[in-house]
Every structure is written in C-alpha cells, then in structure tokens.
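# Survey of secondary and tertiary structure
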Amino acid sequence: GGVVLNLNNQSNTLNNVILAADGGSFGNQGPVISTGAGTLTLTGGVTATNLQQATTIPLIQGNLALPAGTHTFNIGTFAGAPGQVGLALNSTLSDAGGIDKTGNGILGIGGNSPAFSGAINVSAGALQFTSSNASIGGSAITLSGGTVLNAGGFVGTVGSLTGTGSVTSKAGALDSHGGRINI
C-alpha cells in the first residue's frame, strides 16, 4: 500500500528493496522511497512484482547510487492495466553500477541523470521515459528481442542504444546529437 520510507535528507545503504502496489493505500499513494538531499545506496536490486492496484505505482525519488556491479530491477505488470508503469524511478542516478531490467513490466525513468554511466540491459518488458528531459545520458542501453524503449511522448536522452528490441514514441522521432541519442 502507501508505505513511505523517507530518509529525511540522510544517506543509507540497503541491499534489496521489494515494493508492492497491493492496494489499501491512503490517498491513492503507492509505496515510496524518498531521499530528499540524502542518497540511497543500493547494493542489490529492486523487485516490484505484486502489482494489484494501478493507481498506486511504486516510486523511488531523490538520489539513488548504484555501485559497481549489476543491479536487477524485476518489474511486474498490473493485471488490469498492462501498459501502466510498474516502478517509477524518478531519481538522480549515480555511480557506475548497471541495471538488468527483468520482468514483463515497465520501468519508468523520470529523473535527470546525465552523468550516470551504468549500462542498462532490458532483458524483458520495457523502459519508458515518464517526464520531460528524462536523462540517462551516459548509459549504454541494450534492448533484447521483444523488449521496448518507449519515449512516452517525452524527450529523453540515452548514451547509446543497441540490440534487437524496438523503440517507440508518440512523437515518433529518434535523433542522435554529439554521440548521444535523444528520443
């Protein structure tokens, strides 16, 4: 439901995080991790798979550090709303750790992280920009077959893009500027 972990501008380190949008929220708020000016360092991964109520999207906002290594983000789908984002990552990402996006759901990218250099491998499901000027500008994105990078009608920036998945956008544009790909 609507559980909030607020670091209150402090920093903390967690291994793995499990978020569930299982209803019972107050004010239609899903589970939230908020750092304020602090930083959450995640040494493991994130699981958001028990998604029952599409109005309660799990959210991580603030500053998220992903140290070296691969961090699995296993994102499920909402049974009644299969195109809904399963985890909104509205964070400024830092460090060089990579993300392996698994699960058939959608990982929403809404933060501005132009210096984040970790690779993002979309093994299943989709990666979608969820805000104007969302950026993972230093990241090499790899799309496995059957996966999607969706600009969601926004202008998003990635470092490079490879693989056999597809790219979609309401605007329908894919531009490359100075070695970066703006979608």
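### Focus on the overall build of the protein chain
Scanning the protein chain from N- to C-terminus turns up 0 helices and 18 strands. Every one of the 183 residues in the protein chain was classed for burial, and the buried ones make up 47%. Of the roughly 7600 Å² of accessible surface on the protein chain, a fraction of 49% belongs to carbon and sulfur atoms.

### What to know about the environment of Leu-42
Mapped onto the elements, Leu-42 comes out in strand 4 (residues 32-42). Judged by its relative accessible area of 1%, Leu-42 is buried. C-alpha of Leu-42 to C-alpha of Thr-13: the two residues are 29 residues apart in sequence and 5.9 Å apart in space. Residues in contact with Leu-42, not counting those within four places in the same chain, are Leu-14, Asn-15, Asn-16, Val-17, Leu-64, Ala-65, Leu-66, Pro-67, His-71 and Phe-73.

### A look at unusual backbone geometry
Phi is positive for Asp-95, which is not a glycine, with a value near 75 degrees. Residue classification places Asp-95 among the partly exposed residues on the basis of a relative accessible area of 41%. If you check the backbone angles, Asn-133 has positive phi at about 60 degrees while not being a glycine. Tracing the chain through its elements places Asn-133 in the loop between strand 12 (126-129) and strand 13 (134-143). Overall, Asn-133 belongs to the exposed group, its relative accessible area being 55%.

### Digging into the environment of Ser-160
Here Ser-160 is to be found in strand 15 (residues 156-163). Taking the C-alpha atoms as reference points, Ser-160 and Ile-141, 19 residues apart in sequence, are found 5.9 Å from one another.

### Brief notes about the nonpolar core
The tendency in soluble globular proteins is for nonpolar side chains to be buried side by side. Formed by 31 residues in total, the largest nonpolar core has its most connected members in Phe-73, Leu-87, Leu-127 and Ile-136. Among the elements that line this core, the one with the most residues is strand 13, at 4 residues. In this view, Ile-136 contacts Leu-93, Ile-109, Ser-113, Phe-116, Ile-120, Leu-127, Phe-129, Ile-141, Thr-157, Val-158 and Gly-159; residues no more than four positions away in its chain are not counted.

### Let's talk about the environment of Ala-48
The residue Ala-48 is located in strand 5 (residues 46-51) in this model. On the basis of relative accessible area, Ala-48 is assigned to the buried category, the value being 0%. Setting aside chain neighbours within four positions, we find Ala-48 in contact with Leu-19, Pro-58, Asn-74, Ile-75, Gly-76, Gly-86 and Leu-87.

### Some details on the side chain of Thr-35
Examined against the element boundaries, Thr-35 turns out to sit in strand 4. Residue classification places Thr-35 among the buried positions, given a relative accessible area of 1%. Excluding its chain neighbours within four sequence positions, the residues that come into contact with Thr-35 are Leu-7, Asn-8, Asn-9, Gln-10, Leu-40, Gln-61, Gly-62 and Asn-63.

### As for the pairing of strand 7 (residues 70-75)
Of the two faces of strand 7, only one is covered, namely that formed by His-71, Phe-73 and Ile-75; the face formed by Thr-70, Thr-72 and Asn-74 stays uncovered. The pairing of strand 5 with strand 7 spans 3 bridges and is parallel. The residue bridging Thr-47 from the neighbouring strand is Asn-74, located in strand 7. Judged from the 5 bridges that link them, strand 7 and strand 9 (residues 98-102) form a sheet pairing that is parallel. From the neighbouring strand, His-71 faces strand 9, where its bridge partner is Ile-99.

### Some remarks on the pairing of strand 13
Among the 10 residues of strand 13, 7 are classified as buried, and the element is accordingly described as predominantly covered. Pairing of strand 11 (residues 120-122) with strand 13 involves 3 bridges; the strand directions are parallel. What sits directly across from Asn-121, in strand 13, is Thr-142. Pairing of strand 13 with strand 15, which is carried by 7 bridges, proceeds in the parallel orientation.

Parameters and conventions
Residues numbered from 1 in each chain as written. Predicted model: local features only at pLDDT ≥ 70, side-chain atom pairs only at ≥ 80, totals over all residues. Heavy atoms only, no water. Helix = DSSP H or I, 4+ residues; strand = E, 2+ residues; numbered from the N terminus. Buried < 20%, exposed > 50% of the residue type's maximum accessible area, 1.4 Å probe, protein only. Areas by Shrake-Rupley, 256 points an atom, 1.4 Å probe, with all protein chains shown as cover. Contact = heavy atoms within 4.5 Å. Core = buried A, V, L, I, M, F, W, Y, C linked by side-chain atoms within 4.5 Å. Pairing = 2+ DSSP bridges.

Coordinates in, geometry out; function isn't part of it.
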